[in-house]
Amino acid sequence: MSIGNQPPSPPYATPPGSFTKDKDTDTVLTPPPTNEKSTSTGLRIIEKIKQLKSRRDGGSGGGEGGAGDRRAISVPWATYKLDTEGYRDLQRRIQRDKALAVFVEHKLRYDYFPFLNRFILRMPGDTHEHFTQRIAKEIQRQLDAFEGSSAEFARSITNCGSSRVVSQVPGCGSHDPDASFKCRGAQFPGVVIEVSHSQKKRALPYLADDYILGSQSNIQRVVGLDIEYGGSKAKLATISTWVPSTTTDDGETALIALQTVKSQPFRDCDGNTVPSPDSDLRIPLQDFAPINLEGVPEGEIIISAQTMCDFLDAAEKEASTVKSNTGIVKPPATITWTKIKRRAATPPEELDERDEKRFCAEEDEFGEVQDDSSYKAPSVEEDSS
């Protein structure tokens, strides 16, 4: 997709320095205060990460966040105030615990917004995960089905899942998207998919900014699919889209993330499909390619509103089955054993010298995070925990 010039105030753009209102309280969201107790917050984050690791490893999680405190480990979008110095300190502390560092590197999903001074732990639920997988699988299926001149390029695109996207622009953070698709040989994915809920939805414009601005527009489409988890709008589901564009700011050309589709429902509050072309998910084939890649053939990925509703209905049903413990299991008659026997517990293997050097190098890289005081972004809502 080419980047075209836009009028000074394009629709749905999130220009630097803007402030928005919270739609529920009608109050202006203000920048985070600067006098944060970063060390204390960092220790809280590490404790939460340890609880998540313990849960994944099969432990109870112990203490806050253990079996007696499900909320502490089930909030899908846990937000902490953390300035850039606190973020660097958090990375250093994590690297000191080698087992925890491996977990953070390979298993944990998180976001950091330097401009907002916000660190996010992502802990998506079953509905979120099942829906995301169905959307990603359908995109890959359509890519693999292209024929003719489009086939070779389409088949060079792979689903990178939640592979971390690290910005090359000072002030933009690193993020673990719900799904992403990258052309072979590209530095960045061309398309990013984020599935959100009420709290994360408010952060989507700033995620779009970090993805598009932080990649210098190499990420060419950010799709937000918002699914409500409860309340009077429990069945409402919407689609939003951001693409790179430019505007004029103080006489200079500025890259922006332009929202071209704004919270368009594809399922209404009663759970019915909204049958409209505007409700379909559409991704031009060109958006998967790096901007400087020439000769990209024409084509488009289209997932209809009806198909997305079917995916979401199936995801909700699957999650409900697991939660209610009513899924299909082996019949008792097939269980011939009388007990289970775990392997003996042994300490994690020590990391070898190469791993040690890699961790040190990554720690130095995190130390290069810079702040740009000229950009004053709005705050995103913080979780009470």
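Here, every reference points to the structure presented above.
This one's a predicted model, so the numbers in the text were calculated from it and none came from an experiment.

(A) The packing of aromatic side chains, seen in detail. Enumeration according to the criterion identifies four aromatic pairs in this entry. Judged by centre distance (5.4 Å) and plane angle (20°), the rings of Y110 and F119 are stacked. Neither residue differs from the other here; Y110 and F119 are each classed as buried. Between F181 and F288, the ring centres sit 6.2 Å apart and the planes meet at 90°, which makes this aromatic pair edge-to-face. Of this pair, F181 sits in strand β7 (residues 179-183) while F288 sits in the loop between β12 (281-284) and β13 (300-303); the two residues are 107 residues apart in sequence, bridging distant segments of the chain.

(B) Expanded view of the pattern of salt bridges. One pass over the full model with this rule turns up 20 salt bridges. Of the charged contacts, one joins R122 and D178 as a salt bridge, the two residues approaching to 3.6 Å between their closest N and O atoms. Of the two residues, R122 sits in strand β3 (residues 118-122) while D178 sits in the loop between β6 (174-175) and β7, which places them 56 residues apart along the sequence. Accessibility expressed as a relative area gives 5% for R122, which makes it buried.

(C) Broad picture of the sheet that holds strand β10 (residues 237-249). If you walk across this open sheet you meet the six strands as β4-β7-β8-β9-β10-β11, and the pairing is mixed. What marks the edges here is a single partner per strand, and that holds for β4 (157-159) and β11 (252-267). Here the average twist between neighbouring strands, direction ignored, is 20°. Alignment of β10 against β11, held across twelve bridges, turns out to be antiparallel. Bridge pairing in β11 places A237 opposite R267. Docked against the sheet, helix α9 (residues 305-323) engages β9 (221-227), β10 and β11, running at close to 70° with respect to β11.

(D) Looking closely at the packing of helix α3 (residues 84-96) against helix α4 (residues 98-106). Running from amino to carboxyl end, α3 crosses α4 at an angle of 120°, the nearest separation of the two axes being 5 Å. The pairing of α3 with α4 is recorded here as oblique in orientation. Residues I94, Q95 and R96 of α3 form the contact with α4, whose participating residues are K98, L100, A101 and V104. Class assignment of the residues belonging to the contact of α3 with α4 gives a composition of four nonpolar, one polar and two charged.

(E) Representation of the nonpolar core within the structure. By size, the foremost hydrophobic cluster in this structure holds 36 residues, and its most contacted members are F131, I135, I139, L143, L225, F266 and F288. For this core, the leading source of residues is α9, giving six residues. In this structure L225 touches F131, I135, I193, E194, V195, S196, T238, I239, F266 and M308, once residues within four positions along its chain are discounted. Formed by 21 residues, the second largest nonpolar core is a distinct cluster that contains I45, V75, V104 and Y110.

(F) Layout of unusual backbone geometry. A positive phi angle is found at Q216, which is not glycine, with a value near 55°. Among the structural elements, Q216 can be located in the loop between α8 (204-214) and β9. Under the relative-accessibility criterion, Q216 is labelled exposed at 51%. Look at D250: it is not a glycine, yet its phi comes out positive at around 55°. Inspection of the secondary structure puts D250 in the loop between β10 and β11. Look at D250 and you get exposed, because its relative accessible area is 76%.

Conventions and cut-offs
- Residues numbered from 1 in each chain as written.
- Predicted model: local features only at pLDDT ≥ 70, side-chain atom pairs only at ≥ 80, totals over all residues.
- Heavy atoms only, no water.
- Phe/Tyr/Trp six-rings, centres within 6.5 Å; stacked < 30°, edge-to-face > 60°.
- Buried < 20%, exposed > 50% of the residue type's maximum accessible area, 1.4 Å probe, protein only.
- Helix = DSSP H or I, 4+ residues; strand = E, 2+ residues; numbered from the N terminus.
- Salt bridge = Lys/Arg side-chain N within 4 Å of Asp/Glu carboxyl O.
- Pairing = 2+ DSSP bridges.
- Axes fitted to C-alpha atoms, helices over the stretch in contact; angles between N-to-C directions.
- Contact = heavy atoms within 4.5 Å.
- Parallel < 35°, antiparallel > 145°, perpendicular 65-115°, else oblique.
- Nonpolar A, V, L, I, M, F, W, Y, C, P; charged D, E, K, R; others polar.
- Core = buried A, V, L, I, M, F, W, Y, C linked by side-chain atoms within 4.5 Å.

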